[in-house]
Amino acid sequence: AKSAIEDRIHSRNKQLMYLGSTLMGFQFGFFALLTWFEYSWDVMEPVTYFATYAAVIGMYAYFAVTAQVAEKEGFNIPEYNRLTNLIDQCKSDLRRLRDPLQIHIPIREL
């Protein structure tokens, strides 16, 4: 289930990155046209400020929505984190036990 969720999210993020990059390129060209040929920087500065601020709000909204994807799919994040930490602890214990220099050293409490 986790890999299917990751694949879907990766595909969607890739599409949105291409779309966002394209739109930012058009926005840059449009603002450059307005700044150098139609209006001055004094007129365009507030426009670019608000356009940038709107883009930041949009990116934050996207982050807030996609942060909930795993929960919507029924993926138990705390249990996954607990199991991942347990696996890491087991790997650490195995490395310590396999190291000939560590054989007579007691286990450290974390």
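Everything quoted here is computed from the prediction, not taken from an experiment.

> Explain the confidence of the model for the chain to me, please; I cannot follow it from the model alone.
It should be kept in mind that the predicted coordinates are not to be read in detail where pLDDT is low. Overall, the predicted model of the chain reaches an average pLDDT of 84, with 89% of residues at or above 70. Confidence, expressed as mean pLDDT per element, reaches its minimum in the chain at helix α3 (residues 69–72) with 74 and its maximum at helix α2 (residues 41–66) with 89.

> It is not clear to me how the side chain of Thr-35 should be interpreted in this structure. Could you clarify?
Along the polypeptide, Thr-35 turns up in helix α1 (residues 2–38). In terms of polar contacts, Thr-35 uses its side chain to reach the backbone carbonyl oxygen of Phe-31, at 2.7 Å. For Thr-35, the residues in contact, after removing those within four places along its chain, are Ser-40, Trp-41 and Met-44.

> How should I be thinking about α1 in this particular structure?
What sets the pattern is the α-helix's 3.6 residues per turn: residues three or four places apart point alike. A rise of 1.5 Å per residue sets the reference length of α1, with its 37 residues, at 54 Å; its end C-alpha atoms lie 51 Å apart and thus fit the reference within 8%. Listed as buried for α1 are Ile-5, Phe-31, Ala-32, Leu-34 and Thr-35. Looking at the buried positions of α1, the neighbouring elements they touch are α2 and α3.

> Can you help me understand the packing of aromatic side chains in this one?
Two measures describe an aromatic ring pair: the distance that separates the ring centres and the angle between the ring planes. By the definition in use, this model includes four aromatic pairs. Geometrically, the ring pair formed by Tyr-49 and Phe-50 is edge-to-face, given 5.2 Å between the ring centres and 75° between the ring planes. When its relative accessible area of 55% is taken as the criterion, Phe-50 is described as exposed. Their ring planes at 40° and their centres at 6.5 Å tell us that Tyr-60 and Phe-63 sit as a pair that is tilted. You can see Tyr-60 and its partner Phe-63 sitting in helix α2, three residues apart, about one turn around the helix. What makes Tyr-60 exposed here is its relative accessible area of 58%. Phe-63 gets classed as exposed once you look at its relative accessible area, which sits at 54%.

> Can you walk me through the UniProt feature "transmembrane region" (unreviewed entry) in the chain in this structure?
Look at the UniProt record and you will see "transmembrane region" (unreviewed entry) annotated at residues 16–37 and 49–70. Secondary structure across residues 16–37 divides into 100% helix and 0% strand, with the first and last C-alpha atoms of the span separated by 31 Å. Strand forms 0% of residues 49–70 and helix 91%; the C-alpha atoms that close the span are 34 Å apart.

Rules behind the numbers
- Residues numbered from 1 in each chain as written.
- Predicted model: local features only at pLDDT ≥ 70, side-chain atom pairs only at ≥ 80, totals over all residues.
- Heavy atoms only, no water.
- pLDDT = per-residue confidence, 0-100.
- Helix = DSSP H or I, 4+ residues; strand = E, 2+ residues; numbered from the N terminus.
- Polar contact = N/O pair within 3.5 Å; in protein donor to acceptor, adjacent residues only side chain to side chain.
- Contact = heavy atoms within 4.5 Å.
- Expected span 1.5 Å × (residues − 1).
- Buried < 20%, exposed > 50% of the residue type's maximum accessible area, 1.4 Å probe, protein only.
- Phe/Tyr/Trp six-rings, centres within 6.5 Å; stacked < 30°, edge-to-face > 60°.
- UniProt positions renumbered as here; feature names shortened; annotations may be inferred.

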